[in-house]
Amino acid sequence: MFDVAVIADPAAAEVSLDPVRARLLAALAEPGSASSLAPHVGLTRQKVNYHLRALERHGLIELVEERRKGNCTERVMRATAASYVISPTALAAVAPDPGRAPDRLSAQWMLALAARLVREVGELITGAAAAKKRLATFAIDSEVRFASAADRAAFAEELTGAVTHLLAKYHARDAEGGREHRLILALHPSLRPAVPDGVDTRAGEES
């Protein structure tokens, strides 16, 4: 089972977004059958089986084992991943294109970059799994608190300089046997939790 899987097929995305099937996917983080799942979703075993067949058909769950119970065979299923992300490929006609309007200060452009990241890494994971090879990746996730907008701008400028220097140092354009990698850096305000009275204060960072 993958920790995270990317759904690129539009039909599979549609299946996963059905509320009942989404609940079944969550429940199948651990192996289960239609009989064991039926009480949790408030449906008959037959209806649960119908939904399980749809999930299996699109590769979202897989057969673990079959158990004989009297005259019936119970199929024990498990989700193929602990969680799922829907790739922009599933909405190819309206998928964001980061090449359309590059702007380092645009939140929309950052979102387009993130969408491309999901699509490309999803495809790489699928290819690596098929080849039974490890996918070489690297990521950093951190938070920084700036005293002022000026400090944030200075940080961005220094970071740009440092990254530009490293790119120039390690980019081997004509290296035989080399492989290109994509580097994305993103900086955005952290989300704030909602206050007790229900007023959401997650927005409102200074620009």
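Criteria and cut-off values
- Residues numbered from 1 in each chain as written.
- Predicted model: local features only at pLDDT ≥ 70, side-chain atom pairs only at ≥ 80, totals over all residues.
- Heavy atoms only, no water.
- Core = buried A, V, L, I, M, F, W, Y, C linked by side-chain atoms within 4.5 Å.
- Buried < 20%, exposed > 50% of the residue type's maximum accessible area, 1.4 Å probe, protein only.
- Helix = DSSP H or I, 4+ residues; strand = E, 2+ residues; numbered from the N terminus.
- Contact = heavy atoms within 4.5 Å.
- Salt bridge = Lys/Arg side-chain N within 4 Å of Asp/Glu carboxyl O.

Novice: Give a description of the nonpolar core that names residues and reports values.
Specialist: Counting 19 residues, the largest nonpolar core has Leu 24, Leu 28, Val 48, Leu 52, Leu 55 and Ile 61 as its most contacted members. Broken down by secondary-structure element, the contributors of at least two residues to this core are helix H1 (10-17), helix H2 (19-27), helix H3 (34-41), helix H4 (45-57) and strand E3 (72-79). With 4 residues, H3 is the largest single contributor of residues to this core. Ignoring sequence-local partners within four residues, the contact set of Leu 24 consists of Leu 37, Val 41, Val 48, His 51, Leu 52 and Leu 55.

Novice: Break down the pattern of salt bridges for me, with residues and values.
Specialist: Overall, the coordinates contain 7 salt bridges when judged by the stated rule. Between Arg 119 and Glu 120 there is a salt bridge whose closest N-O contact spans 3.9 Å. A relative accessible area of 29% places Arg 119 in the partly exposed class. For Arg 182, the salt bridge identified is with Glu 120, shortest N-O distance 2.9 Å. Residue Arg 182 is found in the segment after helix H6 (149-170), and its partner Glu 120 is found in helix H5 (residues 107-130); the two are separated by 62 residues along the sequence. Look at Glu 120 and you get partly exposed, because its relative accessible area is 23%. Salt bridges linked by common partners bring Glu 56, Glu 66 and Arg 75 together as one network.

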